[in-house]
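# Fold and contact review
Each chain, written out:
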Amino acid sequence: MSGRDVRRIAARASNMTIEAKRDIVARIAAGADAAGATDIYITEEPFRIASLALEWLPLRARVHVLKTPLNHDASDTEAAIASFLQAGATTLVSLGGDGTNRAIARHLHKAGDDGISLIPLSTGTNNVFPTLGKL
């Protein structure tokens, strides 16, 4: 739900369409599949970015759709990360900006899980990835 503020207009911030994000997800999944991934985990979300990206993609990997409660705020990201970790995911790919990736880092830090690989793909408004400071 992020990336929908006045900076898109006033600061001439870039705009990443839902369709462009679906294309990115499809390429990530195809690459993971080609590299030998056996399971791909996605979560339900309002714009169905991942589910529609993978709907007709011929993958050998099993696609698991995890359901998490939605509050339409940063807690959605943390709930999704908790679900991915519980399912056994070892690599996370995020499409988002600074806020999304801070929420992911915050949850991983709280969970004490520093063995997870995070691949952050910048699709946010500013994409400056500042240091987090205190978690």
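Residues numbered from 1 in each chain as written. Predicted model: local features only at pLDDT ≥ 70, side-chain atom pairs only at ≥ 80, totals over all residues. Heavy atoms only, no water.

Let us look at the environment of I40. Relative to the helices and strands, I40 resides in strand β1 (residues 39–43). Along the chain, I40 and T91 lie 51 residues apart, while their C-alpha atoms are 9.9 Å from each other. If near-sequence neighbours (up to four positions away) are discounted, I40 is found in contact with A29, L54, L59, A61, R62, V63 and H64. (Helix = DSSP H or I, 4+ residues; strand = E, 2+ residues; numbered from the N terminus. Contact = heavy atoms within 4.5 Å.)

Here we come to the pattern of salt bridges. If you walk through the whole model with that rule in mind, you get four salt bridges. Residues D39 and R62 are paired through a salt bridge, measuring 3.0 Å at the closest nitrogen-oxygen approach. A residue pair is termed long-range when its members are at least 10 positions apart, and D39 in strand β1 and R62 in strand β2 (residues 62–66) qualify at 23 residues. Judged by its relative accessible area of 24%, D39 is partly exposed. The exposure class of R62 is partly exposed, given its relative accessible area of 49%. A network of salt bridges, in which partner residues are shared, links E78, R106 and K110. (Salt bridge = Lys/Arg side-chain N within 4 Å of Asp/Glu carboxyl O. Buried < 20%, exposed > 50% of the residue type's maximum accessible area, 1.4 Å probe, protein only.)

With that settled, the discussion passes to helix α5 (residues 98–111). Look at α5: 20 Å from first C-alpha to last across 14 residues, which is about the 20 Å you get at 1.5 Å a residue. Of all the positions in α5, only D98, T100, N101, A103, I104, H107 and L108 are classed as buried. Looking at the buried side of α5, the elements it contacts are α4 (74–87), β3 (91–96) and β4 (117–122). Immediately beyond the C-terminal end of α5, within one or two residues, lies G112, with a positive phi of roughly 70 degrees. (Expected span 1.5 Å × (residues − 1).)

What follows concerns the environment of T125. Here T125 is to be found in the segment after β4. Its relative accessible area of 12% is what places T125 among the buried residues.

With a phi angle near 55 degrees, R48 is a residue other than glycine that sits in the positive phi range. Along the polypeptide, R48 turns up in the loop between β1 and α3 (49–54). If you check the backbone angles, H72 has positive phi at about 60 degrees while not being a glycine. Mapped onto the elements, H72 comes out in the loop between β2 and α4. What makes H72 partly exposed here is its relative accessible area of 45%.

Fair warning: the whole summary comes from geometry, so function is off the table for now.
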